[in-house]
Amino acid sequence: MTGPVHPPCDEGVIRAARPEVSGTRKRLALAATVLGSAMAFIDGSVVNVALPAMRTALKADAGQVQWIVNAYLLLLGALVLIGGSAGDRYGRRRVFVIGVSLFAAASLACALAPDAGWLIAARAAQGIAAAMLVPASLAILGSTFDEDERGAAIGAWAGFASVTTAIGPVLGGWLVDHVSWRAIFLINLPLAAATIGLALAAVRESRDPEVEHLDWRGAVLAATGLGAVTWGLTAAGDRGWASPTVWTALAVGAILLAGFILSQAREKHPMMPLALYRSRTFSGANLLTLALYFGLTGALFFLPYELIARHGYSAAAAGATLLPFSLIMGGLSGAAGRMADRFGARPLLTVGPILAGIGFGLLGAPWIGSGFWTGVLPGLLVVALGMTLAVAPLTNTVMSAVAASHAGVASGINNAVARIAGLLAVAVLGLIYFAPGPQGYPWVMGVSAVAAMAAGIVGWLMIAPKPQASRQSPE
């Protein structure tokens, strides 16, 4: 993601894994997974505040600015499912260490980028690496901790993820202001060294013997199809909608994505089993995720850019504006989970996205330039409250909508949907924001608000209500 919240259903991968090993080095293994995931989470949040500086230093155009983010999201979203399968097939520790090593090398390449094209290619390599290390880190937790220990491991992992994504924009902004935008990538190098050392010392290798085949055809079709669509949408900003090249790219992307769906129907071990979508609730939860995270990523991508480029904020100050969002989500997510247990997910998945949509509307109002306390904070608080209400019930809804044996792949699909939503948001809303003419920022926030509110409507219409307890005595 490109904001201070990690996608839903990460915890589901942990819960779905089968514990195979247990030993005295569990805490060190937990530390390795936390540090490894932290690199991906930090990079998902710090780049936004550095984009104006990158654009100036590298003389990048609007399309290249979008691709600095989209190259990462594209490869991560398209490959995260097969990345998890690769860990199960070839060894979770092996894939995790390879992913961390590649992420470090790609981060160094980002820091040394002489031009925008180099940086975009290095960001794509980071996306491939993240698609390997994130699911492998979660699977390592599942194979290391017993069932009665996983709750604490999940809490520690998720808590640290919230902390790193909260401080990431602030730290990144400070580095941009006082050192260089290149420094935000160099902080990954010591993290990677520590992660690899801990993994090799404390994590025992584990595999899933049932995974014998990887759906490479599906992965290639998904990545190339999404890439073509994203390129077409981004290029439309420069070339115009009358360009045959734009429509050719969109058509090719649509054909490749249709081929991906057909391949999943015919594949013996597909990366995205279509049978899961027979569940109305599972389909509704993923449609809700697509709309809600489209709005969230669009808003949190363009808010820091707008504050820096048009309202005189420093990079550190723009990053710090997102702290209340992370603090509220971290502090109230447990209460939201308890509310979902009591009232069911449907009310929260209706009210939460609608509240988030109202918040996006407030962030796009004319008073955004009046200062942080009156212009930014009110809308951000409403967004945070809405997302807090929605995220925990969304995770539980996806997990409970399928059989327990499919919990891991279901959570992986939902995670990928959230990342693809972000990819599409940056591409589509970039057409509005960077378009010549009147200021596009209020329109970006308006579209984000509509998307979030549409997610709330989907929540009411497609999420199954909580079953009523029977008053009959058992026979």
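Heads up: these notes are all about the structure in this document.

**What to know about the side chain of Asp88**
Thought 1: Of note, Asp88 is situated in helix H3 (residues 62-90).
Thought 2: We classify Asp88 as buried; its relative accessible area is 18%.
Thought 3: A distance of 3.0 Å separates the side chain of Asp88 from the side chain of Arg92, its partner in a polar contact.

**A look at unusual backbone geometry**
Thought 1: For Lys59, which is not glycine, the phi dihedral falls at a positive 55°.
Thought 2: Tracing the backbone through its elements, the reader meets Lys59 in the loop between helix H2 (26-58) and H3.
Thought 3: With relative accessibility at 73%, the residue Lys59 sits in the exposed group.

**Quick look at the packing of aromatic side chains**
Note on aromatic pairs: each is described by the distance of the centres and the angle between the planes.
Thought 1: Per the stated rule, a full pass over the model turns up ten aromatic pairs.
Thought 2: Considering the side-chain rings of Tyr305 and Phe434, the 5.7 Å spacing of their centres and the 85° angle between planes classify their relative orientation as edge-to-face. Separated by 129 residues along the polypeptide, Tyr305 in helix H11 (residues 280-311) and Phe434 in the loop between helix H16 (407-433) and helix H17 (441-462) bring together distant segments of the chain. Residues Tyr305 and Phe434 agree in their burial class; the two are buried.
Thought 3: Aromatic rings pair up to connect Phe301, Phe302, Tyr305, Tyr433 and Phe434 into one cluster.
Thought 4: Between Arg346 and the ring centre of Trp460, over which it is positioned, the NZ or CZ distance is 3.8 Å.

**A word on the nonpolar core**
Side chains of nonpolar character tend, in soluble globular proteins, to be buried together.
Thought 1: Counting 132 residues, the largest nonpolar core has Met54, Leu303 and Met387 as its most contacted members.
Thought 2: In terms of residues, this core owes the most to one element, H3, which gives 17 residues.
Thought 3: Leave out the neighbours within four places in its chain, and Leu303 touches Leu322, Leu363, Ile368, Val376, Leu380, Tyr441 and Met445.
Thought 4: By size, the runner-up hydrophobic cluster in this structure holds nine residues, among which are Phe41, Leu141, Phe145 and Ala161.

Thresholds applied
- Residues numbered from 1 in each chain as written.
- Predicted model: local features only at pLDDT ≥ 70, side-chain atom pairs only at ≥ 80, totals over all residues.
- Heavy atoms only, no water.
- Helix = DSSP H or I, 4+ residues; strand = E, 2+ residues; numbered from the N terminus.
- Buried < 20%, exposed > 50% of the residue type's maximum accessible area, 1.4 Å probe, protein only.
- Polar contact = N/O pair within 3.5 Å; in protein donor to acceptor, adjacent residues only side chain to side chain.
- Phe/Tyr/Trp six-rings, centres within 6.5 Å; stacked < 30°, edge-to-face > 60°.
- Lys NZ or Arg CZ within 6 Å of the ring centre and 35° of its normal.
- Core = buried A, V, L, I, M, F, W, Y, C linked by side-chain atoms within 4.5 Å.
- Contact = heavy atoms within 4.5 Å.

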